Amino acid sequence: VESVLEVGCGAGNNLWFMGELGFNVYGVDGSETIVKEAKKTCQLRGVDSDIRHGYFEALPFENETMDVVIDRESIYCGTKEAIVRSLQEVSRVLKTGGVFITFRFNDKNPTLELLNDGVISGEKLEEGTYTNISSGTFHGVGVVNFVSLEELKEQHSFLDIKHINEHTNKTVEDCSGENGYFYSEYILVGVKK
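Conventions adopted
Numbers given for residues are sequential positions, taken from 1 along each chain in its written order. Residues qualify for local features only when their pLDDT is at least 70, as the model is predicted, and side-chain atom pairs are given and counted only at 80 or more; totals for whole chains, interfaces and linings, by contrast, use all residues. With hydrogens and water set aside, each side-chain value is computed from the structure's full complement of heavy atoms. Think of it this way: DSSP has to see at least two bridges between two strands before they count as a pair. Note on conventions: DSSP H or I runs of at least 4 residues are helices, E runs of at least 2 residues are strands, and numbering of each starts at the N terminus. Note on handedness: a clockwise path from strand one over the helix to strand two, with the strands aimed away from the viewer, defines a right-handed crossover. A pair of aromatic rings is counted whenever rings of Phe, Tyr or Trp (Trp by its six-membered ring) have centres within 6.5 Å, and the orientation is called stacked for planes under 30 degrees apart, edge-to-face for over 60 and tilted otherwise. Each residue is assigned to one of three classes by its accessible area relative to the maximum for its type, calculated with a 1.4 Å probe on protein chains only: buried under 20%, partly exposed between the two thresholds, exposed over 50%. Criterion for a charge above a ring: Arg CZ or Lys NZ at most 6 Å from the ring centre, at most 35 degrees from the ring normal. Helix axes use the C-alpha atoms of the stretch in contact, all axes being lines fitted to C-alpha atoms, and the angles between their N-to-C directions lie in the range 0 to 180 degrees. The contact criterion used is simple: two residues touch if any of their non-hydrogen atoms lie within 4.5 Å.

1. With respect to the pairing of strand 5 (residues 94-105)
The pairing of strand 4 (residues 66-72) with strand 5 spans six bridges and is classified as parallel. Looking across to strand 5, one finds that Asp71 is bridged to Thr102. Between the parallel pair strand 4 and strand 5, the chain is carried across by helix 3 (residues 80-93), and the sense of this crossover is right-handed. Taken together, the seven bridges between strand 5 and strand 10 (residues 182-192) define a ladder with antiparallel strand orientation. Considered in strand 10, the bridge of Phe103 is made with Ile187.

Dropping the structure here:
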């Protein structure tokens, strides 16, 4: 049975699913409250798990212990420097030959275009990184990094990159009065060298 770690595991939805498939599941999240919820979710589903409160820049797991590490739009919440430190930690805990799957909002994201055009406001920390975004999907999120394809490849040089897909989602009809939803992200899959 392989070990799977999700960084930014939230309430544990991916963990219980993978646990039910027979994987040994591990999770880490920066919110103590959500870690308690994730543990509760896994217990209710009968899944053994090791879910810890911690931060991506100092993962609370031993070197080369994980067969798979998953980041589903969590590592993007930081400056480029913080993201690089987090990815160094992913590399540290991932076994050689292990798989890393990451979802990262990209520089084609419409929110970045709105920021650049001055339609919405935010505090620019560095190129592609903002905080205090005034409205929309990333309002209240904190620090948000929109990665370019070149940066993505450079940041993941510890991997033999197998795939990078671009995924977009755009509401084409919205009857709720919520203005719909539109985002763009890269999905990268790689194997640790």
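2. Quick word on the packing of aromatic side chains
In total, this model carries eight aromatic pairs according to the counting rule given. An angle of 75° between the planes, with centres 6.2 Å apart, marks the rings of Tyr76 and Phe138 as edge-to-face. Of this pair, Tyr76 sits in the loop between strand 4 and helix 3 while Phe138 sits in the loop between strand 7 (129-131) and strand 8 (144-145), and the two are 62 residues apart along the sequence. Each member of the pair, Tyr76 as well as Phe138, carries the same accessibility label: buried. One aromatic cluster is present, formed by Tyr76, Phe105, Phe138, Phe146 and Tyr183 through successive ring pairs. If you follow Arg45 out to its NZ or CZ, it ends over the ring of Trp16, 3.4 Å from the centre.

3. Here's the deal with the sheet that holds strand 4
Reading across the sheet, the seven strands line up as 3-2-1-4-5-10-9 and stay open at both edges, with mixed pairing between neighbours. Strands with a single pairing partner mark the edges of an open sheet, and in this sheet they are strand 3 (49-53) and strand 9 (159-170). Ignoring which end each strand starts from, the neighbouring axes of this sheet average 15° apart. Against the sheet, helix 2 (residues 32-44) makes contact with strand 2 (24-29) and strand 3, and its axis sits at roughly 170° relative to strand 3, the strand it touches most. Sitting on the sheet, helix 3 is in contact with strand 1 (3-7), strand 4, strand 5 and strand 10, with an inclination near 150° to strand 5.

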